[in-house]
Amino acid sequence: MKNWDQAQLIRQMSDRELRTNIYISQILFFAAGTAIMWFAGFDLNKFRWESFNIIVLGAGTALAVVIINLLLHKWMPKRYLDDGGINERIFRSVPVWHIAVLTAVISFSEEWLFRGAVQPLLGLSLTSILFAVLHVRYIKKPVLFSAAVLLSFLLGYLYQYTKNLLVPMTAHFFIDFFLGLLISKGWLTTHPKSYPIEDNGGGTHEEHE
């Protein structure tokens, strides 16, 4: 599609359709990761419970990333951190339990694919770039794209250091969960334009100019 714009395409979806597409994409990520692991081989010992690594390194890393994110939102112009209002549409008017389920699915499937399946084949650096590239709406936003690369590198390093896939999964979950919660409460916004209230089903959203 010429001049394809992911953000513009997403604006044509209702909030419910947007979240449904996210779940579908995560199912595809999990399936792709499973297929790669099946052929390349995956050591199940790299998916295990370790209290210190998971709680201290995983959750601790997430806390540090969330704090850095909050500082960036405080110090940087919002236009540098604006993803077109997509994250706000994903998490707005969503109950806490749904934020937890959504971010758990995202963190599990993305880490399953990128850290568990792709990183052993492509290495830490290439996997980090691929992770950021697949977040298409960030490509034209240098700050967001760089942040996605650095975050992926950090999660990849956690996996490389601990050799335990549950550690980056835990970090990824708490990062997304707390940021999603802040966005849902209206405490973390970047998009200067507002959207109409969700239509709870079909239909489209027109952005106020």
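Residues numbered from 1 in each chain as written. Predicted model: local features only at pLDDT ≥ 70, side-chain atom pairs only at ≥ 80, totals over all residues. Heavy atoms only, no water.

**Here's the deal with helix α6 (residues 96-122)**
- Across its 27 residues, α6 extends 36 Å between first and last C-alpha, which sits within 8% of the 39 Å expected from 1.5 Å per residue.
- The axis of α6 is deflected most strongly, by about 30°, at Glu111. (Helix = DSSP H or I, 4+ residues; strand = E, 2+ residues; numbered from the N terminus. Expected span 1.5 Å × (residues − 1). Bend = angle between axes of the 7 residues up to and from the residue.)

**Regarding the environment of Thr189**
- Note on placement: Thr189 falls in the segment after α9 (166-184).
- Classification of Thr189 by relative accessible area gives partly exposed; the value is 30%.
- Distance from Thr189 to Asp82, taken between C-alpha atoms, is 8.4 Å for residues 107 residues apart in sequence.
- What Thr189 contacts, discounting residues up to four positions off in sequence, is His73, Lys78 and Glu88. (Buried < 20%, exposed > 50% of the residue type's maximum accessible area, 1.4 Å probe, protein only. Contact = heavy atoms within 4.5 Å.)

**Observations concerning the confidence of the model for the protein**
- For the protein, per-residue confidence averages 85 on the pLDDT scale, and residues scoring 70 or more make up 85% of the total.
- Segment residues 194-209: pLDDT under 50, and 43 contacts once partners within four positions in sequence are set aside and those in other chains are kept. (pLDDT = per-residue confidence, 0-100.)

**Notes on unusual backbone geometry**
- Of note in this structure, Ser93 is not a glycine but carries a positive phi near 55°.
- Using a relative accessible area of 65% as the deciding quantity, one classes Ser93 as exposed.

**Things to note about the side chain of Gln119**
- Take Gln119: it is sitting in helix α6.
- In this view, Gln119 contacts Phe114, Leu124, Thr127, Gly156, Tyr159 and Gln160; residues no more than four positions away in its chain are not counted.

**Thoughts on the environment of Thr162**
- On the secondary structure map, Thr162 appears in helix α8 (residues 142-162).
- For Thr162, a relative accessible area of 7% puts it in the buried group.
- Note: C-alpha distance between Thr162 and Asn53 (109 residues apart in sequence) is 7.1 Å.
- Those residues in contact with Thr162, other than ones at most four positions away along the chain, are Arg48, Glu50, Asn53, Leu57 and Val167.

**Brief notes about the pattern of salt bridges**
- Summed over the entire model, instances satisfying the criterion amount to two salt bridges.
- A salt bridge links Glu111 to Arg115; the shortest N-O distance between them is 2.7 Å. Remark: Arg115 and Glu111 occur in helix α6; sequence separation between them is four residues, near one turn of the helix.
- Residue Glu111 is classed as buried on the basis of its relative accessible area, which comes to 0%. (Salt bridge = Lys/Arg side-chain N within 4 Å of Asp/Glu carboxyl O.)

**A few points about the nonpolar core**
- Ranked by size, the top nonpolar core spans 20 residues in total, and within it Ile90, Phe91, Leu102 and Leu179 carry the most contacts.
- Counting only elements with at least two residues in this core, the list comes to α2 (15-40), α3 (51-75), α5 (86-91), α6 and α9.
- In this structure Ile90 touches Leu18, Arg19, Ile22 and Leu102, once residues within four positions along its chain are discounted.
- Judged by nonpolar contacts, the second largest core, of 17 residues, contains Phe42, Phe114, Leu165 and Val167. (Core = buried A, V, L, I, M, F, W, Y, C linked by side-chain atoms within 4.5 Å.)

**Some thoughts on α3**
- Taking 1.5 Å per residue as the helical rise, α3 with its 25 residues ought to reach 36 Å, and the 35 Å between its terminal C-alpha atoms agrees with that figure.
- Residues of α3 that are buried include every one of Asn53, Ile54, Gly58, Thr61, Ala62, Val65 and Val66, and no others.
- Taken together, the buried residues of α3 touch α8 and α9.

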